[in-house]
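# Breakdown of the fold
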Amino acid sequence: MHGRIKVKSTEEQKEQKAKERAKKLQFYQATTAAISEKRKDHQFDQEVLELTGQILSVNPDYATYWNLRRQIFLHFEHEKEPEEVKSIHQKELFFLETCLRVNPKSYGTWHHRCWVMDHMQEPDWKRELELCNKFLEYDERNFHCWDYRRFVVQRSAVPVEEELAYTSRLISTNFSNYSSWHYRSTLLPIVHPDHKRQGRISEKILLKEYELVQNAFFTDPNDQSAWFYYRWLLGRADSLLKINCLYVNRDQRRILVCFSRPVNVLSKSSKLILFVDQKLILPEWRPVAGQKTYSCVWLCDLPECTLDNGSLHQDIKVVWDGDDDLQKECTIYKGKRESWCRDSATAEELFRCQMSVEKSTQLQSELESCKQLQELEPDNKWCLLTVILLMRALDPLGYENETLQYFKALKVADAMRTRYYNDLCSKFVIENCILKMEYAEVRVIDMSHKNLTRLCYLDQMVLVTHMNLSGNQLTCLPPSFLTMQCLEVLNADDNSIENVSGLSNLPQLEEVTLRNNCIQTPADLQPLASCLKLSFLDLKGNPVCNLPNIHSELTLLLPQVKEIILQ
Amino acid sequence: MEYCMSEYLRMSGVYWGLTVMDLMGQLHRMNKDEILEFVKPCQHECGGISASIGHDPHLLYTLSAVQILTLYNSLHVIDVDKVVEYVKSLQQPDGSFAGDQWGEIDTRFSFCAVATLALLGRLDAVDIDKAVEFVLSCMNFDGGFGCRPGSESHAGQIYCCTGFLAITGQLHQVNADLLGWWLCERQLPSGGLNGRPEKLPDVCYSWWVLASLKIIGRLHWIDREKLEHFILACQDEETGGFADRPGDMVDPFHTLFGIAGLSLLGNEQIKPVNPVFCMPEEVPRRINVKLELLN
């Protein structure tokens, strides 16, 4: 039970209350017993309606009695004339309305109303819509009522545009608008769809919508709902499934395929087909993280003579599910160890939407407005966060430093959510590192001294050979690290790493330095045993180094490693 | 009177009481035989289980009953095959689940269905792909989930849907960063959590929100100290137990979720709780239920 304040009362008051309660209880129990008897005897009549009505008026969550009333109505539909049934239904709607006034949040009551409406010969949907309007006036956040409204709209084919107009009315007049903005988010993509982006809004309308929301949060900067909704407007659509990267390694006889979303290549309904020089090969695909069903990165080992060094070049192609749009090709030349084909993060709108000049101009001006608002409301964390989101949408690299400043302010204004902001900032920082790596057209990524609290986009780093993670606040190299299949050198010094479960089965990994971390025991380093090319490991400054006989233990655990540095 | 008026949910009430006792290592103080004797006659001919004698069967109470019997390792007390048949019969063509024969659709029931089947080792009895399709169709602009497609995000529904996706191995379909943000914004200056924007904090959201965050791997986005402080303040020092917020009346529902929330926050006086099933972690482990949460 919610919202019942504990009140202390005198002895006399207690006694009086006890008497009243006993009387109520007696009546309640007598009624439920009577109903039970009649139900046992299969008596579906007016009296049961009376009795169940008395209980439901005070206890609308007694679901079984709504069931019983439905049984009675079904019986009546059979036995009585349509005119009488119609009148009974009308009475029920009236009864339901009185129940709703007492408790407008009972699932059973609303569902029963749906059932009655669905059983009426001539349901008056307009009246139901009016009922919704009334109840939403009392409490615009009553989700039961909103759901009932959607039921009425669907049954009576109310035009979507009318519902959209209804939300506009509510938003412009009221304060407590989250439910309205939410409803709007479902209606706009239907009325004004972006034909290229599933679930998104056409640009012209989107720009108008930005303005509408800006007005809302400028009028009341503490109205959360507008800020939540604005974040959604700034976002991208869900990405279509694509193959981001195809990588071939001749020495390892291995192929890596990287998808934009986790997929199950081994499901009965999908196939990942491989062609080497137009010849079909059905290899055994496996996910990089051995036990997972869904993975972004999949690999396979090629049979012995598939990639012989004889011909000048060989064409590799993968096709997903017989869909010609979902394929990737690359060519491996004679004498080359490896080859690949990869989409750029920019081209694929991985981190942000490509923007028209119009949209970019408008958002730029909205950024300026938000910055002005922020000066008037320095403690408003929504404003600070939105400035950051706008900067990310407009120019992630250009605004890099300014973004970091705003994150500092955000952590002061909203200290409770510091860990969220650190993780969000880490994500944006890593996006920028990836963009820089792409522009430089290198396979080296420098993420050192960036206050990273977590790792992201590791499935986008399949081709990376050298990674610098030193001087951050990472506590582990998790299983997502298993996608680093081309990684040769890793610097993870000066973090707080206790766990390196992701450093396993990395076939190219030769050098790892983990100085000044929190590795406690040799067992913590077990994953490295499967990195067969690992020849150099620096563990200086870890608690594990102080254990007795540690060097011989590690030599046993990691026989392939020629040099293990402990001090 | 309260006991009488809450008879319509008795099976869940028993589950709340037993689970909180087990979490505190005190299950032995409950009368197992009496409870098993209560559960058995609540199974109806259709296989479904009701909240109490004289009430109609429903998925909600079918799950509670299966949870109780699992705690006591006594599933033999009911006809398990019939339960599976009942759950299966409630799946709709669009993948959703009705709560009972009267047809109310709600993602809560999707959760009840798969949680029941998972505890019985019978997930194969329903069309999981379709069930997933329906739950995903309830995902909203803010990354959260509602009762039905188009319904507003709500912490209780989010718990049910993330729990559902954990059981069906589909958590990768959640936008964890977006949903995690929405969930951590439930924390108010008092340290307590509400169920959706602009609402009051409530100890039961310490469970729905926290468990959801744990499932999607973002538990650390909540300020743990402030939340723990809030939950403890909801205790009644005279009677024991927890209320929805400080100063209100206690009840078993809020007591369970207060304790379960504290367990998720790492309180060592309480057994580790499983965030999907809201039972001591050792229980789903004992019966080998496969669950993979997000990192």
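Since this is a predicted model, take the numbers as computed values, not measurements.

The next subject is the overall build of chain A. Along its length, chain A carries 16 helices and 15 strands. Here the C-alpha atoms of chain A give a radius of gyration of 33 Å, more than 25% beyond the 24 Å that 2.2 N^0.38 yields for 567 residues. Viewed in the frame of its principal axes, chain A has a C-alpha envelope of about 90 × 60 × 60 Å. In chain A, which comprises 567 residues, the share counted as buried stands at 51%. Considering only contacts within chain A whose residues lie at least 6 apart along the sequence, 57% involve residues at least 24 apart. As presented, chain A carries roughly 27600 Å² of accessible surface, and 51% of it is formed by carbon and sulfur atoms. Across chain A, the mean location of the 70 positive side-chain charges is 3 Å away from that of the 78 negative side-chain charges.

Moving on, we get to the overall build of chain B. Helices and strands together make up the secondary structure of chain B, namely 13 helices and two strands. Over its C-alpha atoms chain B spans a radius of gyration of 18 Å, differing by no more than 12% from the 19 Å that the globule rule assigns to 295 residues. Along the longest, intermediate and shortest principal axes, the C-alpha atoms of chain B span 50 × 45 × 35 Å. Here chain B holds 295 residues, and the buried ones make up 66% of them. Pairs at least 24 residues apart make up 64% of the contacts formed inside chain B by residues separated by at least 6 positions. Here chain B displays about 10700 Å² of accessible surface, and carbon together with sulfur accounts for 50% of that area.

All names here are of chain A. Across the sheet, four strands lie side by side as 4-3-7-8; this open sheet has antiparallel pairing. Two strands lie at the open edges of the sheet, namely strand 4 (279-281) and strand 8 (327-333), each paired on one side alone. Mean inter-strand twist for the sheet, computed between neighbouring axes without regard to direction, equals 25°. Alignment of strand 3 (residues 272-276) against strand 4, held across three bridges, turns out to be antiparallel. Within the sheet, the bridge partner assigned to V276 lies in strand 4 and is K279.

A separate point is the pattern of salt bridges. Using the criterion set out here, one finds 48 salt bridges over all chains in the structure. In this structure, R245 of chain B engages D244 of chain B in a salt bridge whose closest nitrogen and oxygen atoms are separated by 3.7 Å. Look at the salt bridges and you will find they share partners, linking K381, D414 and R417 of chain A together with E185 of chain B into a network.

All names here are of chain A. Here six strands make up an open sheet; going across it, the order is 10-11-12-13-14-15 and the pairing parallel. The outermost strands of the open sheet, each flanked by one partner alone, are strand 10 (444-446) and strand 15 (563-565). Geometrically, the sheet is characterised by an average inter-axis angle of 0° between neighbouring strands, direction not taken into account. Relative to strand 14 (residues 536-538), strand 13 (residues 511-513) runs parallel, the two sharing three bridges. Across the sheet, the residue bridging to V512 is L537, located in strand 14.

Time to look at the packing of aromatic side chains. Scanning the model with the defined rule gives 36 aromatic pairs over all chains in all. Where F228 of chain A meets W181 of chain B, the ring centres are 4.6 Å apart and the plane angle is 40°; that geometry is what we call tilted. Of this pair, F228 of chain A sits in helix 11 (residues 224-234) while W181 of chain B sits in helix 9 (residues 176-184), which puts the two residues in different chains. Judged on exposure class, the residue F228 of chain A and its partner W181 of chain B are both buried. Aromatic rings pair up to connect Y178, W181, F228, Y229, W232 and W382 of chain A together with F141 and W181 of chain B into one cluster. The residue whose ring lies beneath R443 of chain A is W340 of chain A, and the NZ or CZ to ring-centre distance is 4.3 Å. Sitting above the plane of the W182 of chain B ring, R186 of chain B keeps its charged end 4.3 Å from the centroid.

Residues and elements named next belong to chain A. Here the phi dihedral of E441 falls at roughly 55°; this positive angle occurs in a residue that is not glycine. Looking at the secondary structure, you find E441 in the loop between helix 15 (418-440) and strand 10. On the basis of relative accessibility, which here comes to 72%, the residue E441 falls in the exposed class. Backbone geometry at D494 places phi at a positive 55°, although glycine is not the residue there. Judged by its relative accessible area of 38%, D494 falls in the partly exposed class.

The residue D236 of chain B is located in the loop between helix 11 (224-233) and helix 12 (252-264) in this model. Within the structure, D236 of chain B has its side chain in polar contact with the backbone nitrogen of T239 of chain B (distance 3.1 Å).

This part covers the interface of chain A and chain B. Where interface size is quoted, it is often the accessible area lost as the parts come together. The interface is formed by 56 residues belonging to chain A together with 62 residues belonging to chain B. When chain A packs against chain B, close to 5500 Å² is buried across both sides, 53% of that on carbon and sulfur atoms. Counting across the interface, chain A meets chain B through nine salt bridges. For the salt bridge of K381 of chain A with E185 of chain B, the shortest nitrogen-to-oxygen distance reads 3.1 Å.

Of the residues in chain B, 100% have a pLDDT of 70 or more, and the chain-wide mean is 97. Here the predicted complex carries an ipTM of 0.97, next to a pTM of 0.96.

Here the focus is the nonpolar core. Counting 247 residues, the largest nonpolar core has M447, M461, M467, F481, L490 and L503 of chain A together with W207 of chain B as the members making the most contacts within it. Ranked by residue count, the leading element in this core is helix 15 of chain A, at 11 residues. In this view, W207 of chain B contacts Y159, S212, F257, A260, G261, L264, V273, N274, P275 and C278 of chain B; residues no more than four positions away in its chain are not counted. The next biggest cluster of nonpolar side chains, apart from the first, holds 24 residues, and it includes I243, I281, W298 and L302 of chain A.

The next thing to look at is helix 16 (residues 550-557) of chain A. All names here are of chain A. Within helix 16 the residues assigned to the buried category are I550, L554 and L557. When helix 16 is viewed along its axis, its buried side chains cluster within an angular range of 60° and face the same direction. Next to the buried residues of helix 16 lie strand 15.

This paragraph deals with the environment of L212 of chain A. Residues and elements named next belong to chain A. Here L212 lies in helix 10 (residues 203-219). Spatially, the C-alpha atom of L212 lies 9.6 Å from that of I171, the residues being 41 residues apart in sequence. Not counting residues up to four positions away in its chain, the partners in contact with L212 are W181 and R184.

About the criteria used
- As a convention, each chain's residues are numbered from 1 in the sequence order in which they are written.
- Starting at A for chains and at 1 for ligands, labels are handed out in the order in which the entities are written.
- Restriction of local features to residues with pLDDT of at least 70 applies here, the model being predicted, together with a cutoff of 80 or more for giving and counting side-chain atom pairs; totals for whole chains, interfaces and linings are based on all residues.
- Side-chain figures throughout are based on the complete set of non-hydrogen atoms in the structure, without hydrogens or water.
- The secondary structure listing takes helices from DSSP runs of H or I that are at least 4 residues long and strands from runs of E that are at least 2 residues long, numbered from the N terminus.
- Computation of the radius of gyration draws on C-alpha atoms alone. For the globule rule, the value is 2.2 Å times the number of residues to the power 0.38.
- Buried residues are those whose accessible area, probed at 1.4 Å on protein chains only, stays under 20% of the maximum for their type, while exposed residues exceed 50% and partly exposed ones sit between those limits.
- The contact criterion used throughout is that any non-hydrogen atoms of two residues lie within 4.5 Å.
- Each accessible area is a Shrake-Rupley result for a 1.4 Å probe, and residues are judged covered by the shown protein chains and nothing else.
- Neither His nor the chain ends is counted toward charge; the positive residues are Lys and Arg and the negative residues Asp and Glu.
- By convention, the charge on Lys lies at NZ, on Arg at CZ, on Asp at CG and on Glu at CD.
- Any two strands are treated as partners once DSSP identifies two or more bridges connecting them.
- Angles here are taken between N-to-C directions and fall from 0 to 180 degrees, while the axes themselves are lines fitted to C-alpha atoms, restricted in helices to the stretch in contact.
- For this analysis, a salt bridge means a side-chain nitrogen from Lys or Arg found within 4 Å of a carboxyl oxygen belonging to Asp or Glu.
- Classification of ring pairs rests on two measures: the distance between centres of Phe, Tyr or Trp rings, Trp counted by its six-membered ring, which must be within 6.5 Å, and the angle between planes, read as stacked under 30 degrees, edge-to-face over 60 and tilted in between.
- Lysine and arginine charges are scored as sitting over a ring when NZ or CZ, respectively, is within 6 Å of the ring centre and within 35 degrees of the ring normal.
- Whenever a nitrogen or oxygen atom comes within 3.5 Å of another N or O atom, the pair is scored as a polar contact, on the condition that within protein one atom can donate a hydrogen and the other can accept it, and that pairs from neighbouring residues in sequence are kept only if both atoms are in side chains.
- Buried surface area refers to the total accessible area, computed with a probe of radius 1.4 Å, that the two partners give up upon joining, counted for both partners together.
- The quantity called pLDDT is the predictor's confidence in a given residue, expressed from 0 to 100.
- Side-chain atoms within 4.5 Å link the members of a nonpolar core, which is a set of buried Ala, Val, Leu, Ile, Met, Phe, Trp, Tyr and Cys residues.
- Here the arc refers to the set of directions running from the helix axis out to each C-beta atom.

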